[in-house]
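Fold and contact review
The residues making up each chain are set out below.
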Amino acid sequence: MIKSQRNLFNIPDDVAYLNTAYMSPLLNSVITSIDGGARLKSQPWRLSIPDFYEQVDQARLLFSKLINVAPQNLAIVPSTSYGIQTAANNLKLGKKKKILLIENQFPSNVYPWKRLANKSDCSIRFVETIENETITDSILREMDESCALVAVPNVTWTSGKLIDLMALRERCDDINCFMVLDLTQSAGAMQIDFKKARPDFAVVSNYKWMLGPYATGFLYASPENCFGVPLEEGWITRKDSKNFSNLVNYTDHYEPGAIRYDMGERSNFALMPGVIKALEQILEWGVNNIEETLRVQNILLSGRLEKIGLAVTPDEERGPHFISAKLPIKRPKNLLKLLEKENIFLSERGGFLRITPHLWNNENDFDRLINCLSKNL
Ligand SMILES: Cc1ncc(COP(=O)(O)O)c(C=O)c1O
């Protein structure tokens, strides 16, 4: 168990911030790193050619350790939508017609598939979740021979319900179906075994559980998917781009691996040091320790929420870092506003109160949440 790390963040004592699934705060160390990067850009004569390469490679390396893949399979992207669009542009679905998503899936993992379906003869099937069946079973039921691709998260963004990636992997192998993952609501707080899940593409935005700056993220491309067409034809992803004076000797060759998918201006001098610092801190804590700490904390907090009458998602059905409770029918319509007035921050998504604490929270935050909810429900 990791004790509360509140001192590493800039969070006033009277703020109970329980909303990581919306946006994490930045660590103080991350702010200092970003500040250093911005100052470097303020004096461009201090910038050197390695500054365009070394930080991104360091970020790739650190993230590769987090998910246990080779760094050359990682691209730097600004968002989940960017990564999913890259996957949608490059996976050749062949004669199969069905693209499987789940209902109420986050739009960044929906619109790129809609575009693909609109310009081809594929169609999207949104898997409905039904009472008394796990989401995994609902997806598996739809995974037949006509299924070309399944593009899902491993934890739903509304209620934190778990999807069993290994079960999907097994079925994908049986029916020869692509797997694309949006891990934005889990990477950084939950261990994910890439060696076993073996997605074709997977994407993570950094600004939630990765504790990183907004507009940064990673795209994983499996080795066989590292030869596709990038969204942008940048110069820095091309072979020998380090030779700045020779850039007009145009080349058709990219740097090896997933680098070709890097976004334009990926060498963000201000934000990249922040990405690195956040990753260093997560690796120092250990994702397994973060996961275990949040698991224990959340089981206790879920129990307390249940005691005050909320119908919480059972522990075994949800990601260890997520708590969700059905929004009670009899509740003040402005419940979130009432909580905010008391400096308690959480979200309402898809009919659920979504409560997603992290290591900055402490017992005082949890007590205040319970007291305020009991007073208002
Ligand atoms: C599951 C999931 N994926 C992705 C995102 C963010 O997507 P993007 O980086 O495209 O803005 C969110 C934001 O809430 C999310 O919940």
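Residues numbered from 1 in each chain as written. Predicted model: local features only at pLDDT ≥ 70, side-chain atom pairs only at ≥ 80, totals over all residues.

**A few points about the overall build of the protein**
Which entries qualify depends on this criterion: Working definition: helices are DSSP H or I runs of at least four residues, strands are E runs of at least two. Numbering for both runs from the N terminus. As a reference, a globule follows 2.2 Å times the number of residues to the power 0.38, and the radius of gyration itself is taken over C-alpha atoms. Whether a residue is buried, exposed or partly exposed follows from its count of other C-beta atoms within 10 Å of its own C-beta, namely 20 or more, 12 or fewer, or something in between, respectively; the C-beta atoms are built from the backbone. Our contact criterion uses C-beta atoms placed from the backbone: two residues qualify when those atoms are within 7 Å.
For the protein, the count of helices and strands is eleven helices and twelve strands. The C-alpha atoms of the protein give a radius of gyration of 22 Å, which matches the 21 Å a tight globule of 377 residues would have. Along the first, second and third principal axes, the C-alpha set of the protein runs to 70 × 55 × 35 Å. By residue count, 43% of the 377 residues in the protein fall in the buried class. Long-range contacts, defined here as pairs at least 24 residues apart, represent 73% of the contacts in the protein between residues at least 6 apart.

**As for the sheet that holds strand E4 (residues 123-127)**
Which entries qualify depends on this criterion: Strands qualify as paired when DSSP identifies two bridges or more between them. Here an angle of 0 to 180 degrees is reported between the N-to-C directions of two axes, which are lines fitted to C-alpha atoms, with helices fitted over the stretch in contact.
As summarised here, the arrangement of the seven strands in space is E2-E8-E7-E6-E5-E3-E4, forming an open sheet in which the pairing is mixed. Both outer strands of the open sheet, strand E2 (74-77) and E4, are each paired with one neighbouring strand and no more. Mean inter-strand twist for the sheet, computed between neighbouring axes without regard to direction, equals 20 degrees. Bridge analysis of strand E6 (residues 178-182) against strand E7 (residues 201-205) gives three bridges, and the strand direction is parallel.

**Things to note about the nonpolar core**
For soluble globular proteins, nonpolar side chains are generally found buried alongside one another. Definition in use: Here, a nonpolar core denotes buried Ala, Val, Leu, Ile, Met, Phe, Trp, Tyr and Cys residues that are linked to one another through C-beta atoms within 7 Å. These domain limits were set by an automatic method or by a database of domain assignments.
Grouped together as the largest cluster of nonpolar side chains are 99 residues, with contacts concentrated most on Ile 139, Leu 149, Val 150 and Leu 219. When residues of this core are assigned to their parent elements, the largest contribution, seven residues, is made by helix H8 (residues 271-285). Formed jointly, this core draws a minimum of three residues from each of two domains, domain 1 (6-26 + 287-376) and domain 2 (30-284). In contact with Leu 149, other than residues within four places in its own chain, are Leu 91, Leu 93, Ile 99, Leu 100, Cys 177, Phe 178 and Val 180.

**Focus: the sheet that holds strand E11 (residues 347-349)**
Spatial ordering of the open sheet is given by E9-E12-E11, a layout of three strands whose pairing is antiparallel. Two strands in the sheet have a free side with no partner beyond their single neighbour: strand E9 (323-326) and E11. Each neighbouring strand pair of the sheet contributes to a mean axis angle of 30 degrees, computed without reference to strand direction. Alignment of E11 against strand E12 (residues 352-355), held across three bridges, turns out to be antiparallel. Across the sheet, the residue bridging to Arg 349 is Phe 352, located in E12.

**Side note on the domain arrangement of the protein**
Think of interface size as the accessible area that goes away when the parts come together; that is how it is often given. Segmentation of the protein into domains returns domain 1 (6-26 + 287-376) and domain 2 (30-284). Distance between the C-alpha centres of domain 1 and domain 2: 28 Å. Listing elements by their share of the side of domain 1 that touches domain 2, those giving two or more residues are helix H9 (287-307), E9 and E12.

**Quick look at H8**
Stated formally: Expected helix span is computed as 1.5 Å times (number of residues minus one).
Look at H8: 22 Å from first C-alpha to last across 15 residues, which is about the 21 Å you get at 1.5 Å a residue. Every buried residue of H8 is listed here: Leu 271, Met 272, Pro 273, Gly 274, Val 275, Ile 276, Lys 277, Ala 278, Leu 279 and Ile 282. The secondary structure elements touched by the buried residues of H8 are helix H1 (28-42), helix H2 (54-67) and H9. A positive phi of about 90 degrees marks Gly 286, the residue just after H8.

**Comments concerning the environment of Phe 345**
Within the secondary structure layout, Phe 345 lies in strand E10 (residues 344-345). By the C-beta count within 10 Å, which is 18 here, Phe 345 ends up partly exposed. Between the C-alpha atoms of Phe 345 and Arg 331, which are 14 residues apart in sequence, the distance is 17 Å. Excluding its chain neighbours within four sequence positions, the residues that come into contact with Phe 345 are Ala 16, Tyr 17, Leu 18, Asn 19 and Glu 340.

**As for the pairing of E6**
For clarity, the threshold we go by: If the strands point away from the viewer and the path from the first strand over the helix to the second runs clockwise, then the crossover is right-handed.
Counting buried positions over the five residues of E6 gives five, a clear majority of the element. Of the two faces of E6, the one carrying Phe 178, Val 180 and Asp 182 and the one carrying Met 179 and Leu 181 are both buried. As judged from the five bridges shared by strand E5 (residues 147-153) and E6, these two strands associate in the parallel manner. Note that in E6 the partner of Leu 149 across the bridge is Phe 178. A crossover connection joins E5 to the parallel E6 through helix H6 (residues 165-175); in handedness this β-α-β unit is right-handed.

**Brief notes about the packing of H1 against H8**
Note the cut-off: The cut-offs work like this: below 35 degrees is roughly parallel, past 145 is roughly antiparallel, 65 to 115 is roughly perpendicular, and the gaps in between are oblique. Helix crossings get a hand from a simple test, with the near helix turned counterclockwise from the far one by less than a right angle marking a left-handed crossing and a clockwise turn marking a right-handed one. Throughout, the ten residues Ala, Val, Leu, Ile, Met, Phe, Trp, Tyr, Cys and Pro are labelled nonpolar, Asp, Glu, Lys and Arg are labelled charged, and all others, Gly among them, are labelled polar.
H8 packs onto H1 with a crossing angle of 155 degrees between their chain directions and a minimal axis gap of 7 Å. Relative to H8, H1 is oriented roughly antiparallel. H1 and H8 meet at a crossing whose hand is right-handed. Counting all contacts with H1, which are made through Ser 29, Val 30, Ser 33, Ile 34, Gly 36 and Gly 37, the residues of H8 involved are Leu 271, Met 272, Pro 273, Gly 274, Ile 276, Lys 277, Ala 278 and Gln 281. The residue inventory of the contact of H1 with H8, partitioned by class, reads seven nonpolar, six polar and one charged.

**A few points about the site of the ligand**
Put simply, the test is: In this analysis a residue is considered near a molecule or strand if the C-beta atom, reconstructed from its backbone, is found within 6 Å of that molecule or strand.
Lining the immediate surroundings of the ligand are Ser 79, Thr 80, Ser 81, Phe 106, Ser 108, Pro 153, Trp 157, Asp 182, Thr 184, Gln 185 and Ser 205. Looking at side-chain class alone, the shell around the ligand contains three nonpolar, seven polar and one charged residues.

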